[in-house]
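# Residue-level structural notes
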There are 2 protein chains.
Amino acid sequence: PDWKIVTEDNIRKLRREYRFNNFLDALNFTNRVALQAEREDHHPSITTEWGKVTVTWWTHKIKGLHRNDFIMAAKTDALFH
Amino acid sequence: PDWKIVTEDNIRKLRREYRFNNFLDALNFTNRVALQAEREDHHPSITTEWGKVTVTWWTHKIKGLHRNDFIMAAKTDALFH
């Protein structure tokens, strides 16, 4: 599975890394994920590096994972393919 | 000082958090930092979250901090002010 469940500060989160051939392709994906997040009003952490974007989903209000996070993860994948 | 030196995977890095009032302002700053990085051909890690952007500089080739990272940190601050 491409998404892993990680625990940070006792909060369970969903995380996936996406690979790209350069920095601008990574940045472009970051923007697409971010604008979708803004539309859905559910915001992940997005780390942009050379050739890599790491997206982390969790639900702040419950300090953990909600069904919606898994839906957002699937929607993030759809932006990548 | 706003920049801290952190150690990750035995690599010393420079890190600063910038605060914003919403997600899109954070994303806008991420894009400005990223485009400057691309122009200078020196690329940080940029984590975008709701109201917060974390920028981390280091030099991959030497697995540590080079004088140029401190210069890039100052240039990042200039984009914020």
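Now for a look at the structure at hand. Remember, it's a predicted structure, so these values are computed and weren't measured experimentally. What you see as residue numbers is a count from 1 along each chain, following the sequence as written. Throughout, the order in which chains and ligands are written sets their labels, letters from A for the former and numbers from 1 for the latter. Per-residue local features of the predicted model are confined to residues with pLDDT of at least 70, and side-chain atom pairs are confined, for both listing and counting, to 80 or more; whole-chain, interface and lining totals are unaffected and use all residues. The side-chain values count all of the structure's non-hydrogen atoms but skip hydrogen atoms and water molecules.

## Things to note about the interface of chain A and chain B
Heads up, the rule is: For this analysis, residues touch if any pair of their heavy atoms sits within 4.5 Å. The buried area of a pairing is the accessible area, by a 1.4 Å probe, that goes missing from both parts when the two are put together, added over both. The salt bridge criterion pairs a side-chain nitrogen of Lys or Arg with a carboxyl oxygen of Asp or Glu, the two atoms within 4 Å. Secondary structure elements are taken from DSSP: a helix is a run of H or I of four residues or more, a strand is a run of E of two residues or more, and numbering for both begins at the N terminus. We call Asp, Glu, Lys and Arg charged. Ala, Val, Leu, Ile, Met, Phe, Trp, Tyr, Cys and Pro are nonpolar, and the rest, Gly among them, are polar. The criterion for strand pairing is that DSSP finds at least two bridges linking the strands in question.
The interface of chain A with chain B comprises 18 residues on the first partner and 18 residues on the second. In this assembly, chain A packs against chain B so that about 1,400 Å² is buried in total across both faces, 66% of it on carbon and sulfur atoms. In this structure, the connection of chain A to chain B is made through 0 salt bridges. Elements represented by at least two residues in the side of chain A that touches chain B include exactly helix 1 (23-40) and strand 3 (45-49) of chain A. Top element by residues in the side of chain A that touches chain B is helix 1 of chain A. It accounts for 9 residues. Residues of the side of chain A that touches chain B, tallied by class, amount to 10 nonpolar, 6 polar and 2 charged. Direction of pairing for strand 3 of chain A relative to strand 3 (residues 45-49) of chain B: antiparallel, over a ladder of 3 bridges. By the bridge assignment for strand 3 of chain B, A:I46 is matched with B:T48.

## With respect to the pairing of strand 2 (residues 11-19) of chain A
All names here are of chain A. Relative to strand 2, strand 1 (residues 4-8) runs antiparallel, the two being bridged by 5 bridges. Bridge pairing in strand 2 places E8 opposite I11. Taking the residues that link successive antiparallel strands as the turn, the strand 1-strand 2 hairpin has 2 residues, and the phi of D9 there is positive, at about 50 degrees. Here 6 bridges tie strand 2 to strand 4 (residues 52-57), and the two strands are oriented antiparallel to one another. Counterpart to Y18 in the pairing with strand 4 is V53.

## Some thoughts on the packing of aromatic side chains
All names here are of chain A. Inclusion rule: For this analysis, a ring pair means two rings from Phe, Tyr or Trp (six-membered ring only for Trp) whose centres lie within 6.5 Å, classed as stacked if their planes differ by under 30 degrees, edge-to-face if by over 60, and tilted for the remaining angles. Only protein chains enter the calculation, and the probe is 1.4 Å; a residue is then buried if its accessible area is under 20% of its type maximum, exposed if over 50%, and partly exposed in between. As a reminder, the over-ring test applies to NZ of lysine and CZ of arginine, requiring each to be within 6 Å of the ring centre and within 35 degrees of the ring normal.
A full pass over the atoms with the stated rule returns 12 aromatic pairs over all chains. Between W3 and Y18, the ring centres sit 6.2 Å apart and the planes meet at 75 degrees, which makes this aromatic pair edge-to-face. Of this pair, W3 sits in the segment before strand 1 while Y18 sits in strand 2, and the two are 15 residues apart along the sequence. Across the pair, Y18 and W3 agree in class, each one buried. Taken together, the ring pairs in this structure connect W3, Y18, F20, F29 and F80 into an aromatic cluster. In this structure, K13 is placed above the aromatic ring of W58, and the distance from its NZ or CZ to the ring centre is 3.9 Å.

## Quick word on the relation of the copies chain A and chain B
Mapping between the two chain copies consists of a rotation about an axis together with a translation along that axis. Applied cut-off: Least squares is the method used to superpose the copies, on C-alpha atoms of residues holding a pLDDT of at least 70 in both.
Mapping chain A onto chain B calls for a rotation angle of 180 degrees and an axial translation of 0.0 Å; the resulting RMSD is 0.0 Å. Interpreted geometrically, this transformation is the action of a two-fold axis. Among all residues of chain A, the minimum C-alpha distance to the rotation axis is found for A:T47, at 2.0 Å. A symmetric contact is evident, with 100% of the interface residues of chain A recurring at the interface of chain B.

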